Amino acid sequence: MLTAKEIREYKKTLSHSGQPLDISDPYYVPNLHGKDGYDVILRLQEAIEDTDGTGLYYFTGQRGTGKSTELRRLETLLNASDYRCIRFDALNYLNDTQAINAQMLMLIVAAGIGDWINQHYPEKAATEESSLARFCNWLNTEIKLEKVDLQVPGVKLALNLKPMQESVAEKIRNLGDQQRFHRQIIDFISEMCTWVSKREQRRLVIVVDSLENLRGNPLAGKDQELLFASVLDVFADRIEQIKVPDVHVVYSVPPYLCLLANIRPQVAWMSLASVRVYAAPTPQTRRQPRSEGLDMMRELLDKRLPNWREILTDEGFQRLALLSGGDLRQFIVRLLVDALHFAQYALERLPLKADDPIIEDVASACASEMLQLTVRSEWPLLRTVAERHNILADDRDQIKTLAHLLDTKVILNYRNGKDWYDLHPTLWGVIDPPTTATSAA
């Protein structure tokens, strides 16, 4: 029989399960989001390999779907082929609460490449004639950035824009010729990429992760609106300015972009959806549990908590998995952690059944939290999403609302050859007409 201390240790382990994984990690579950033709990373890899010259790709998905983990997998696959992938986290250089522009974005692309060079070729990076050193000297001269320097070889390039992002943006705006400044940044990026490509004897792929966190909120205060508008401006209206000649660049972007601009004809758009724990809706049925998706969630739990069956019956597991709607982060870090917290005080009832008061309480708390993310004026729109299983807006005023509801995961995205959408399962019985809802709660 499990002890309260053991369950508390399990809870601690799951609470820290939100970090991105490498595919060699024992926690990693292959084909979690689909295999073969449904594998979005293989599709992205093929798009890169089938494109000559300059390539631009947007990779997106709702928070908690595993985007950063899958981008690490892309890096591994590319490095094992004819490419060298340089992947970095944009939030190492930028604040996620302040507006950006195309020049700022390309500065952090240059910084990410520079840090990679400094790490992999430290003996060359700091020489005066290197492209990286000249880039740093140019920045100091052009806009007089403080603390921009090439440090000791092997140590991170000191181009962290976070503490001075507002002042940098102001300096860029005050430049006499912003187009010239932008071209020079691209020239330095191209020069550094050429330098790396020649030494690696492979083409380069640059992967810029975490930009989806620059989400802003179109329905919030002025600063959030500015951030939201700036992301839309950069990734929808400045597409040509964020390319790198003869290099493939993958940006991880917010999922709402496809709602707000006609991006898909201009950029290869790849989206990572929630795990399909529900079958695709048909004219006759909807919201039917999908055994293949539940099996993938079981495998995930088997790897992270091998003896979970001592805590939950399979029916208890299924209820929590279905309640999450296939959202990995909510399933692991929220629902399971909460269930474990209360389970340590009810050892005599383990394994918990689907109708155990603990599961009931966890379900009720989750439903209350999700409901608080909505306002009643949005409910008619949400009912329309539930009925149509798409996010087509009836008018332009609804688009920003839909973007906000996607960001808060009130609406979840799935895919089985095509995208389809539904409300979070905890909202079915409240917002969706009771005559057609099958509540997971």
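Residues numbered from 1 in each chain as written. Predicted model: local features only at pLDDT ≥ 70, side-chain atom pairs only at ≥ 80, totals over all residues. Heavy atoms only, no water.

**Some thoughts on the nonpolar core**
Core analysis: the biggest nonpolar cluster contains 122 residues, and Tyr58, Met106, Ile206, Phe235, Ile242, Tyr251 and Phe331 have the highest contact counts within it. Counting residues in hydrophobic clusters, the runner-up holds 17 residues, among them Ile41, Ala47, Leu71 and Cys85. (Core = buried A, V, L, I, M, F, W, Y, C linked by side-chain atoms within 4.5 Å. Buried < 20%, exposed > 50% of the residue type's maximum accessible area, 1.4 Å probe, protein only.)

**Examining the sheet that holds strand β5 (residues 268–272)**
Reading across from one edge, β2-β3-β4-β1-β5 is the order of the 5 strands in this open sheet, with parallel pairing throughout. At either margin of the open sheet sits one strand with a lone partner, and together these are β2 (83–89) and β5. Here the average twist between neighbouring strands, direction ignored, is 20 degrees. Contacts from helix α8 (residues 178–200) reach β2 and β3 (203–209) within the one sheet, and its direction differs from that of β3 by about 125 degrees. (Pairing = 2+ DSSP bridges. Helix = DSSP H or I, 4+ residues; strand = E, 2+ residues; numbered from the N terminus. Axes fitted to C-alpha atoms, helices over the stretch in contact; angles between N-to-C directions. Contact = heavy atoms within 4.5 Å.)

**Considerations on a negative patch on the surface**
Taken together, the side chains of Glu46, Glu49, Asp50, Asp52 and Asp82 present a region of like negative charge at the surface. Topologically, aspartate 50 is positioned in the loop between α2 (40–49) and β1 (55–61). Taking the relative accessible area as the measure of exposure, aspartate 50 reaches 65% and is therefore exposed. (Patch = residues over 30% accessible without salt bridge, like charges linked within 9 Å, V, L, I, M, F, W, Y side chains within 5 Å. Areas by Shrake-Rupley, 256 points an atom, 1.4 Å probe, with all protein chains shown as cover. Salt bridge = Lys/Arg side-chain N within 4 Å of Asp/Glu carboxyl O. Lys, Arg positive; Asp, Glu negative; His and termini not counted. Charge placed at Lys NZ, Arg CZ, Asp CG, Glu CD.)

**Let's talk about helix α1 (residues 4–15)**
Under the 1.5 Å per step criterion, the end-to-end length of α1 is 16 Å for 12 residues, consistent within 8% with the ideal 16 Å. Residues Ile7, Tyr10, Lys11 and Leu14 constitute the buried set of α1. For α1, the buried positions fall inside an angular range of 100 degrees around the axis, keeping them on one side. Exposed side chains of α1 directed beyond 90 degrees from the buried face belong to Lys5, Arg8 and Lys12. (Expected span 1.5 Å × (residues − 1). Arc of directions from axis to C-beta.)

**Some points on the packing of helix α11 (residues 291–304) against helix α13 (residues 328–343)**
One can describe the packing of α11 onto α13 by two numbers: an axis separation of 12 Å at closest approach and a directional angle of 50 degrees. Here α13 runs oblique to α11, going by the angle between their axes. Here α11 and α13 pass one another in a crossing that is right-handed. Across the interface between the two elements, Met297, Leu300, Leu301 and Arg304 of α11 pack against Leu328, Phe331, Ile332 and Leu336 of α13. In terms of residue class, the contact of α11 with α13 is built from 7 nonpolar, no polar and 1 charged. (Parallel < 35°, antiparallel > 145°, perpendicular 65-115°, else oblique. Left-handed = near helix turned anticlockwise from the far one by under 90°. Nonpolar A, V, L, I, M, F, W, Y, C, P; charged D, E, K, R; others polar.)

**Remarks on the pattern of salt bridges**
Pairing between side chains of opposite charge can happen when their charged atoms approach one another. Counting across every chain of the model gives 23 salt bridges. Between glutamate 75 and arginine 87 there is a salt bridge, with the nearest N and O atoms lying 2.7 Å from each other. In this pair, glutamate 75 sits in helix α3 (residues 67–79) while arginine 87 sits in strand β2, placing the two residues 12 residues apart along the sequence. With a closest N to O distance of 2.8 Å, aspartate 422 and arginine 287 form a salt bridge. Taken as a pair, aspartate 422 in strand β7 (residues 419–423) and arginine 287 in the loop between β5 and α11 lie far apart in primary sequence, 135 residues in all.

**Focus: helix α14 (residues 357–372)**
A rise of 1.5 Å per residue sets the reference length of α14, with its 16 residues, at 22 Å; its end C-alpha atoms lie 22 Å apart and thus fit the reference within 8%. Within the span of α14, buried status applies to Ile358, Ile359, Val362, Ala363, Cys366, Ala367 and Met370. Along α14, the residues classed as buried sweep out an arc of 165 degrees about the axis, all on the same side. The outward face of α14, more than 90 degrees from its buried face, is lined by the exposed residues Asp361 and Gln372. Buried-residue contacts for α14 involve α12 (314–324) and α13.

None of this, on its own, says anything about what the molecule does.
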